[in-house]
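Spelled out, the chains give:
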Amino acid sequence: MDQNEIDPVRLIPWSLARSIFGASKVLSDLSGGNCVLEPKLMDRNKISLSKNGGLIFTDANLMKMSEKGFAYPVLSSIVSYPVLAFKTFRVLKKIEALYRQESPNIEQVKILMRSGLEASVTYANHHHQSRMLMEEEKGMIIFSVEEFGVIGWVRRNKMGIWETGSENFNQDASVYMNFKNLNLALDGTLGKLNHMVEPAIGNIFIKGRLPLLEKFGFVSRTALREIPLPR
Amino acid sequence: MKKLTRSESLFLRAQKVIPSGIYGHLAPVSGLPDCFPHYCEKARGHTFEDVDGKRWTDFMCGYGAVLHGFSNPEIETAANSQNANGRVFNQPAEVMIELAEELTKVIDFADWAVFAKNGSDLTTWAIRVAREHSQRPIVVKAKGAYHGVDAWCDPGLGGRIESDRQDIREFEWNDFGQLEDILNQNQDNVACVILTPYHHSSFGPSVMPAEGFWSEVRSLCNRDGVLLILDEVRTGGRLHDGGSHRYFGFQPDLSIFSKALGNGYSISACVGKRRYEKSSMEVFLTGSCWNDAVAMSAALCSLRISQRDGVAESVLRKGRFFSNGLEKIALNHGFSLSMTGPSSMPYPWFEGDNDLFLLQSFCRLAAAEGLFFHPHHNWFISNAHNDDSLSKALNQVNRFMPMLREASL
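Note that the structure is predicted; figures quoted are calculated from it, not measured.

Student: Help me get a handle on the overall build of chain A, residues and values and all.
Tutor: Looking only at helices and strands, chain A features eight helices and eight strands. Taking 231 residues into account, the globule formula puts the C-alpha radius of gyration at 17 Å, and chain A, at 17 Å, falls close to it. Viewed in the frame of its principal axes, chain A has a C-alpha envelope of about 50 × 40 × 30 Å. The proportion of buried residues among the 231 residues of chain A is 53%. Within chain A, contacts between residues separated by at least 24 positions form 64% of all contacts whose residues are at least 6 apart in sequence. Summed over all atoms, the accessible surface of chain A reaches about 11,200 Å², with 52% contributed by carbon and sulfur. Considering chain A, the positive charge centre built from 29 side chains and the negative charge centre built from 24 side chains are found 5 Å apart.

Student: So what's going on with the overall build of chain B? Residues and values would help.
Tutor: Across its full length, chain B carries twelve helices and 13 strands. A compact globule built from 409 residues would reach a C-alpha radius of gyration of about 22 Å, and chain B, at 22 Å, matches this within 12%. When its C-alpha atoms are laid out on the principal axes, chain B stretches across 60 × 55 × 45 Å. Counting across all 409 residues of chain B, residues that qualify as buried make up 56%. Contacts spanning at least 24 positions in sequence make up 73% of the contacts within chain B whose residues lie at least 6 apart. Just so you have it, chain B exposes about 17,500 Å², and 48% of that area is on carbon and sulfur atoms. Distance between charge centres in chain B, computed from 40 positive and 48 negative side chains, equals 5 Å.

Student: Describe the domain arrangement of chain A, naming the residues involved and giving the relevant values.
Tutor: Residues and elements named next belong to chain A. Domain annotation of chain A identifies domain 1 (8–100) and domain 2 (106–226). The distance between the C-alpha centroids of domain 1 and domain 2 comes to 23 Å. Each partner contributes to the interface: domain 1 provides 15 residues, whereas domain 2 provides 16 residues. Approximately 1,500 Å² of surface area, both sides summed, lies buried where domain 1 meets domain 2, with 72% of it carried by carbon and sulfur atoms. Of all residues in domain 1, Leu 11, Leu 98 and Tyr 99 give up the largest surface area on contact with domain 2, accounting jointly for 34% of the area buried on that side. Here domain 1 is connected to domain 2 by one salt bridge. Of the charged contacts, one joins Glu 118 and Arg 18 as a salt bridge, the two residues approaching to 3.3 Å between their closest N and O atoms. Our enumeration of links across domain 1 and domain 2 arrives at four residue pairs in polar contact (both at pLDDT 80 or more). Breaking the side of domain 1 that touches domain 2 down by element, the ones donating at least two residues are helix H1 (8–31) and helix H4 (82–100). The dominant element in the side of domain 1 that touches domain 2, judged by the number of residues it contributes, is H1, at 13 residues. Partitioned by chemical class, the residues of the side of domain 1 that touches domain 2 number ten nonpolar, three polar and two charged.

Student: Explain the interface of chain B and chain A residue by residue, including any values.
Tutor: In this complex, chain B contributes 23 residues to the contact, which on the side of chain A involves 23 residues. Between chain B and chain A lies a buried interface of about 1,800 Å² when both sides are counted; carbon and sulfur atoms form 68% of it. If you sort the residues of chain B by the area they bury against chain A, Val 29, Leu 157 and Phe 357 of chain B come out on top, with a joint share of 32%. For the interface between chain B and chain A, the tally reads two salt bridges. Inspection of the chain B/chain A interface yields five residue pairs in polar contact (both at pLDDT 80 or more). Here the side of chain B that touches chain A is built from residues that sort into ten nonpolar, eight polar and five charged.

Student: Can you break down the nonpolar core residue by residue, with the values?
Tutor: Burial of nonpolar side chains together is a common tendency in soluble globular proteins. If you look at the biggest cluster of nonpolar residues, it comprises 64 residues, and the most contacted ones within it are Leu 62, Phe 143, Ile 151 and Phe 179 of chain A. Looking at this core, the element that brings in the most residues is helix H5 (residues 106–126) of chain A, giving ten residues. Two domains each donate at least three residues to this core, and these are domain 1 (8–100) and domain 2 (106–226) of chain A. Beyond its immediate chain neighbours, meaning those up to four positions away, Leu 62 of chain A contacts Pro 13, Leu 16, Ala 17, Ile 20, Ile 47, Leu 49 and Phe 57 of chain A. Ranked by size, the runner-up nonpolar core spans 37 residues in total, among them Leu 32, Leu 356, Cys 363 and Leu 404 of chain B.

Student: Lay out the packing of helix H11 (residues 357–368) of chain B against helix H12 (residues 387–408) of chain B with the relevant residues and their values.
Tutor: Between two packed helices, the angle of one axis relative to the other and the distance separating the axes together describe the packing. Residues and elements named next belong to chain B. Taken N-terminus to C-terminus, the directions of H11 and H12 make an angle of 140°; their axes are 10 Å apart at the nearest point. As far as their axial angle goes, H12 and H11 are oblique. Relative to H12, H11 is oriented so that their crossing is right-handed. Contacts between H11 and H12 involve Leu 358, Ser 361, Phe 362, Leu 365 and Ala 366 from the first element and Val 397, Phe 400, Met 401, Met 403, Leu 404 and Ser 408 from the second. Per-class residue counts for the contact of H11 with H12 are nine nonpolar, two polar and no charged.

Thresholds, definitions, all that
Residues numbered from 1 in each chain as written. Chains lettered and ligands numbered in written order. Predicted model: local features only at pLDDT ≥ 70, side-chain atom pairs only at ≥ 80, totals over all residues. Heavy atoms only, no water. Helix = DSSP H or I, 4+ residues; strand = E, 2+ residues; numbered from the N terminus. Rg over C-alpha atoms; globule rule 2.2 N^0.38 Å. Buried < 20%, exposed > 50% of the residue type's maximum accessible area, 1.4 Å probe, protein only. Contact = heavy atoms within 4.5 Å. Areas by Shrake-Rupley, 256 points an atom, 1.4 Å probe, with all protein chains shown as cover. Lys, Arg positive; Asp, Glu negative; His and termini not counted. Charge placed at Lys NZ, Arg CZ, Asp CG, Glu CD. Domains from an automatic or database assignment. Buried area = accessible area lost by both parts, 1.4 Å probe. Salt bridge = Lys/Arg side-chain N within 4 Å of Asp/Glu carboxyl O. Polar contact = N/O pair within 3.5 Å; in protein donor to acceptor, adjacent residues only side chain to side chain. Nonpolar A, V, L, I, M, F, W, Y, C, P; charged D, E, K, R; others polar. Core = buried A, V, L, I, M, F, W, Y, C linked by side-chain atoms within 4.5 Å. Axes fitted to C-alpha atoms, helices over the stretch in contact; angles between N-to-C directions. Parallel < 35°, antiparallel > 145°, perpendicular 65-115°, else oblique. Left-handed = near helix turned anticlockwise from the far one by under 90°.

Below you can see the structure in the form of structure tokens.
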């Protein structure tokens with residue numbers, strides 16, 4: 001395991017924490033507020049959801065919280081930072097609700113897309129097989145929805161790190177993936193689409209360098225299979 | 001709501017009972033699903049008709065499996081004649097011997113031949129023969145080269161474990177230094193080097209061997225007692241009727257053929273030198289329908305046509321005419337286009353179009369004209385093409401090039 005890889009056992013909760021961060025970032029961007037979350041990997045199987053204090057979960061409880069909707073954080077983290085802890089809980093509940101919202105809107109799709117992309121790039125950067133797969137790739141993927149525009153992007157930066165964002169971008173991508181409508185985009189963000197079938201029936205339009213998308217798609221499916229989503 | 005085409009309806013029906021509907025290199029997502037048909041109705045010569053009745057001029061030849069044109073009458077007659085007597089029996093038919101005799105006659109270094117159904121069957125078998133012969137584990141291949149669907153080499157991403165490739169080493173095509181380093185670092189451990197006659201990776205330009213490449217590879221293999229295996233699955237019959245090694249002037253130890261060998265009938269063959277025959281007998285080889293006498297009859301007929309008509313030279317000449325024409329038309333419209341690889345199986349490459357946007361647009365416009373050009377895989381010139389059909393295709397390209405200019409702005 002090289003220095004950029006994370007212990008496979010800890011990678012899943014860490015990707016989940018990054019995924020929550022991604023969603024909260026778009027959530028705050030859309031509402032014009034400050035993003036209170038920025039996760040930090042701590043010793044002894046704990047993850048702090050904010051950089052400077054705030055809620056801390058054990059790896060196991062963070063996973064449980066995503067799956068079941070509730071789990072106890074480390075008690076001292078609430079006691080030490082009650083306001084930040086409360087704000088964090090509110091953000092977590094908002095994100096959870098978005099996973100249950102049935103009729104999609106563009107904000108929801110952007111937030112969940114970013115959440116999924118954050119988890120995927122965490123795998124692309126730190127998961128052994130995924131790193132190997134993405135090692136020789138470069139460039140950018142832009143995801144969009146017909147009539148709504150860009151909902152997310154992924155690119156490899158100059159440092160060789162895969163990163164993601166949601167804002168419109170003035171850079172040419174290597175490959176573009178365009179969903180026909182919001183429902184399809186929502187299903188795509190939740191990993192419910194068949195990547196081999198939808199492009200063939202006109203629900204997704206792809207152009208550009210396919211191998212990059214194919215590899216990132218594989219990494220993304222690996223991440224989504226392993227990381228628990230809210231039920 | 002848009003009415004579904006028959007192609008789309010069939011695909012929707014298929015994906016309920018077939019994973020992905022269509023898989024592998026024929027999967028719609030690998031091409032241009034918005035303008036390529038998903039299903040074909042019939043094909044003859046250099047044209048095919050999709051299930052919606054649209055007629056296409058073909059430049060893919062069943063991804064190389066057809067050399068003498070679809071449903072070539074001579075080959076169909078040979079196949080039908082054998083079929084009247086049956087095709088798979090408890091014992092092989094005499095045609096199996098005739099086919100092996102023909103291959104060992106046509107391919108100068110070959111003393112024996114074995115048969116299977118697909119290229120992968122025999123690329124994998126051939127590396128095992130090399131391992132048996134040398135009693136060494138390591139296989140060396142070129143990075144990005146396709147040799148089949150088995151775990152040691154497949155381009156897919158799923159179902160892999162690290163040990164699948166622990167004895168595989170890769171070097172950049174044309175980089176002798178890298179190859180030599182691999183051989184030096186793994187002395188007495190390399191069983192074989194397996195290569196295609198030229199580098200035909202997908203999604204990128206084809207690369208011909210650099211000057212001296214093959215003689216260098218051959219001498220490195222000789223130096224270290226390493227078998228040189230030539231994967232001719234895609235190239236067989238298209239560069240030289242006696243094997244592509246003759247086109248490039250060297251001699252491999254084993255060669256594998258498939259695709260064009262049966263002109264659409266499923267068959268593959270591995271031929272080798274006498275000194276590897278004993279090892280070949282130690283490596284188990286069989287399959288349910290591998291003694292298929294119909295496919296063997298088709299292959300025999302296909303080989304004889306190639307010899308009689310000089311088909312490799314013919315498709316190279318037709319390809320040159322077509323490739324030169326395309327490059328000229330592109331230039332007239334302000335595009336720098338290179339038809340890479342041998343002219344009988346060219347891959348177009350627009351200068352600077354590394355992400356293939358321009359080539360994809362080009363192939364979309366061609367599809368609207370009924371020209372089946374693939375943006376991600378090398379094309380194939382069929383011997384059923386003639387100067388008229390190729391000139392007509394060039395005229396069609398000339399007509400839509402102004403639209404490509406507009407699309408590229």
